[in-house]
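Descriptive analysis of the structure
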Amino acid sequence: MVGHLAVRVTALIPEVEPERLWQRLLQNQWGAVVAHPVRRETDAVICRLRFRPS
């Protein structure tokens, strides 16, 4: 009999992080919106990758 394979799913969510605080407040928070139900409904590992444009 073949054993069960353990599969770990990792979701990488890229996000742009503006330089200034006021810009961050206006920035779309889609990463948080997506991450919340994925964490709640699955065992997936969520990684939100924030980067600043140069």
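Keep in mind it's a predicted model, so treat the numbers as computed, not measured. (Residues numbered from 1 in each chain as written. Predicted model: local features only at pLDDT ≥ 70, side-chain atom pairs only at ≥ 80, totals over all residues. Heavy atoms only, no water.)

Quick notes on the overall build of the protein chain
Across its full length, the protein chain holds two helices and two strands. Going residue by residue from the N terminus, the α and β elements of the protein chain occur as β-α-α-β. On C-alpha atoms alone, the protein chain measures out to a radius of gyration of 16 Å, which is more than a quarter above the 10 Å that the 2.2 N^0.38 rule sets for 54 residues. With the principal axes as the frame, the protein chain shows a C-alpha extent of 60 × 25 × 10 Å. Taken across its 54 residues, the protein chain has 13% of its residues classed as buried. Nonlocal contacts in the protein chain, meaning residues at least 24 apart in sequence, comprise 62% of its contacts between residues at least 6 apart. The protein chain carries 8 positive and 5 negative side-chain charges, and their two centres are separated by 4 Å. (Helix = DSSP H or I, 4+ residues; strand = E, 2+ residues; numbered from the N terminus. Rg over C-alpha atoms; globule rule 2.2 N^0.38 Å. Buried < 20%, exposed > 50% of the residue type's maximum accessible area, 1.4 Å probe, protein only. Contact = heavy atoms within 4.5 Å. Lys, Arg positive; Asp, Glu negative; His and termini not counted. Charge placed at Lys NZ, Arg CZ, Asp CG, Glu CD.)

Remarks on the pattern of salt bridges
Evaluated as defined, the whole model comprises four salt bridges. Among the salt bridges present, the one from Glu 15 reaches Arg 50, with a minimum N-O distance of 3.1 Å. Linking Glu 15 in strand S1 (residues 10–16) with Arg 50 in strand S2 (residues 45–51), this pair joins segments that are 35 residues apart in sequence. By relative accessible area, which is 12% here, Glu 15 ends up buried. A salt bridge links Glu 41 to Arg 40, with the nearest nitrogen and oxygen atoms 3.2 Å apart. Across this residue pair, the class does not change: Glu 41 and Arg 40 are exposed. A single network of salt bridges, built from pairs that share partners, joins Glu 15, Arg 48 and Arg 50. (Salt bridge = Lys/Arg side-chain N within 4 Å of Asp/Glu carboxyl O.)

Quick word on the side chain of Glu 15
In this structure the side chain of Glu 15 is engaged in a polar contact, spanning 3.5 Å, whose partner is the backbone nitrogen of Gly 31. Here Arg 48 takes part through its side chain, which lies 3.0 Å from a polar atom of the side chain of Glu 15. (Polar contact = N/O pair within 3.5 Å; in protein donor to acceptor, adjacent residues only side chain to side chain.)

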